[in-house]
Amino acid sequence: MRRGTAAPAPKRQKCDHWTPCPLNTYAYRLLSGGGKFKYAKICFEDELLMGEKTRNVGRGINIAVVNYMTGKVIATRHFDMFEGDNSGPMTNFIQSAPPKSLLFMVTQDDGASRLKEDAKKVIEALGSKQIRNIRFRSSWVFLTAKGFELPAEIQRENINHSESARNRYSGWPAEVQIEGCIPKQPS
């Protein structure tokens, strides 16, 4: 091999996007968990808000709330939907997010078993088309805004169900993700 002919390593982009986000946008990537050892991740503006490395991701539905105006994290929390009664506290957490917030939601393992109607209604009211379809060990990701509308072209949700004939991992479906760029509000 001749020297100098190797292609340069590609420049790393925010949240591991293939291409950079345009100016005046926020980069994000949501990744559900997959199997026992592929942890869910929420990345915003190249900061891992939730994931294995931050040690704040857990079984159930993981939620990060970000102030849309400043891009700063307000809160992160996970709600176990397999054990305990966490649907009500999760509903309160979502409802307590202030106006002009971005909410990022990802499942790890089971996000459905103890998910109650009140929580489904709140998530549905924020624009989810799939929350009523979520099943045991479904991989699900959801992006929404509270108090304002996201541009129509932004992908907001993805889901993959556990089906024994198609599962990537023993008992678990493959993870799902969405990523993109959210325009910052003009100042």
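Here's what I pulled together on the structure shown here. No experiment lies behind these values; they were computed from the predicted model shown.

## With respect to the sheet that holds strand 1 (residues 25–31)
Within the open sheet, the four strands sit side by side as 3-2-1-9. Their pairing is antiparallel. Taken across any chain shown, the strands that pair with only one partner, and hence form the sheet edges, are strand 3 (47–50) and strand 9 (177–183). Between one strand and the next, the sheet's axes are offset by a mean angle of 20 degrees, whatever the strand orientation. One ladder, built from three bridges, connects strand 2 (residues 41–44) with strand 3; its direction is antiparallel. Within strand 3, the position partnered with I42 by the bridge is M50.

## Points about the sheet that holds strand 5 (residues 73–79)
Strand-to-strand pairing in sheets goes through backbone hydrogen bonds, with the strands running parallel or antiparallel. Strands sit in the order 5-4-6-7-8 across an open sheet of five strands; the sheet is antiparallel. Pairing within the sheet leaves two strands with one partner each, and these edge strands are strand 5 and strand 8 (157–160). When the angles between neighbouring strand axes are averaged without regard to direction, this sheet yields 15 degrees. Judged from the six bridges that link them, strand 4 (residues 60–67) and strand 5 form a sheet pairing that is antiparallel. Paired with V66 across the bridge in strand 5 is V73. Here helix 1 (residues 87–96) sits on the sheet in contact with strand 4, strand 5, strand 6 (101–108) and strand 7 (139–146), set at roughly 165 degrees to strand 5.

## A closer look at the pattern of salt bridges
Tallied over the entire structure, the rule returns eight salt bridges. When the shortest N-O distance is used, the salt bridge between R59 and D80 registers 2.9 Å. Here R59 is found in the loop between strand 3 and strand 4, whereas its partner D80 is found in the loop between strand 5 and helix 1, with 21 residues between them in sequence. By relative accessible area, R59 is classed as partly exposed at 27%. Between R132 and E124 there is a salt bridge whose closest N-O contact spans 3.0 Å. Taken together, the salt bridges that share partners define one network made up of R59, D80 and E83.

## Quick word on the state of the cysteines
Within the structure shown, the criterion is met by two disulfides. Each disulfide pairs two cysteine sulfurs, and for C15 the partner residue is C43, the sulfurs being separated by 2.1 Å. Handedness here is read from the sign of the S-S torsion; for C15 and C43, about -85 degrees, the answer is left-handed. Pair noted here: C15 is in the segment before strand 1 and C43 is in strand 2, with a separation of 28 residues, a long-range link. Of the two residues, C15 and C43, both sit in the buried class. C21 shares a disulfide with C181; S-S distance 2.0 Å. A torsion of -85 degrees about the S-S bond marks the disulfide between C21 and C181 as left-handed. Taken together, the residues span a long stretch of sequence, with C21 in the segment before strand 1 and C181 in strand 9 at a distance of 160 residues. We classify C181 as partly exposed; its relative accessible area is 26%. Cysteines bonded in the chain are numbered consecutively along the chain; their disulfide partners then correspond to 1-3, 2-4.

Conventions we followed
Residues numbered from 1 in each chain as written. Predicted model: local features only at pLDDT ≥ 70, side-chain atom pairs only at ≥ 80, totals over all residues. Heavy atoms only, no water. Pairing = 2+ DSSP bridges. Helix = DSSP H or I, 4+ residues; strand = E, 2+ residues; numbered from the N terminus. Axes fitted to C-alpha atoms, helices over the stretch in contact; angles between N-to-C directions. Contact = heavy atoms within 4.5 Å. Salt bridge = Lys/Arg side-chain N within 4 Å of Asp/Glu carboxyl O. Buried < 20%, exposed > 50% of the residue type's maximum accessible area, 1.4 Å probe, protein only. Disulfide = S-S within 2.5 Å.

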